[in-house]
Amino acid sequence: MQVAKYAYARVLQKGQSLNKQLQAFSRFGIPKDNVFVDDKSGMREAYGNLIQMLKKGDLLVIKTLNALNDGYENISSDWVRITDVIGADICIIDMPALDTRAGEDRKVIVAAVTQVLNYCAEKEKTQSALQAKGIESAKQRGVKFGRPPTEYSEEFIEAVCKFCKKELTLEQVLAVTRMKQSSFYYHVKKLKQLGMVN
């Protein structure tokens, strides 16, 4: 039986380039038609198409473990789906020990990785729960999160009022407030929302 080789790459962070992931696949001799790419953060359309193509005995090559999915629970679920349900092999370039083709017994590798991923998923859940408890406790103690509210001087409010009444030009009000245009308009909008200027 001929083993089909596939590769999958996805943007892990907004603005990230896929070049490193795609270059890493070159040594595996994967046909271009078998390289699936999700090039927008949060998109998984190509991944869904890949899963439809994978068959028992096929090989899926990815550069990093988190190319499979976000979060250990989701990664574990995808790992089980590919290795157990479909029966395909996975080769993770950055983690050669997680290559399901390596070693004498494929089942041992698959089971060990599944257990480690499940453990990590449980730790991740526990960490999130502890973090949520800590945030709630801090809120009850009166701790404020986020940027403190902006306090506007009377001079700034007066300059904005004059600008809104067309008594000052944009250039003049920017010189008086020593702000960039975008920042100035942001604060004008805030003052209008607060009802401090018309």
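Please read all numbers here as calculations on a predicted model, not as lab measurements.

From N to C terminus, the protein includes 7 helices and 4 strands. When the elements of the protein are put in sequence order from the N terminus, they spell out β-α-β-α-β-α-β-α-α-α-α. The C-alpha radius of gyration computed for the protein amounts to 27 Å, which surpasses the reference 16 Å derived for 198 residues by more than 25%, pointing to a less compact arrangement than a globule. Looking at the protein as a whole, 35% of its 198 residues are labelled buried. A fraction of 61% describes how many contacts in the protein between residues 6 or more apart in sequence connect residues 24 or more apart. Just so you have it, the protein exposes about 13,400 Å², and 51% of that area is on carbon and sulfur atoms. For the protein, the distance from the average position of its 30 positive side-chain charges to the average position of its 23 negative side-chain charges is 3 Å.

A positive phi angle, near 65 degrees, is found at Lys166, a position not held by glycine. Checked against the element boundaries, Lys166 lands in the loop between α5 (154-164) and α6 (170-177). For Lys166, a relative accessible area of 74% puts it in the exposed group. Its identity is not glycine, yet Arg178 carries a phi of approximately 55 degrees, on the positive side. Tracing the sequence through the fold places Arg178 in the loop between α6 and α7 (181-193).

About the thresholds
Residues numbered from 1 in each chain as written. Predicted model: local features only at pLDDT ≥ 70, side-chain atom pairs only at ≥ 80, totals over all residues. Heavy atoms only, no water. Helix = DSSP H or I, 4+ residues; strand = E, 2+ residues; numbered from the N terminus. Rg over C-alpha atoms; globule rule 2.2 N^0.38 Å. Buried < 20%, exposed > 50% of the residue type's maximum accessible area, 1.4 Å probe, protein only. Contact = heavy atoms within 4.5 Å. Areas by Shrake-Rupley, 256 points an atom, 1.4 Å probe, with all protein chains shown as cover. Lys, Arg positive; Asp, Glu negative; His and termini not counted. Charge placed at Lys NZ, Arg CZ, Asp CG, Glu CD.

It is worth stressing that arrangement in space is one thing and function is another; only the former is reported here.
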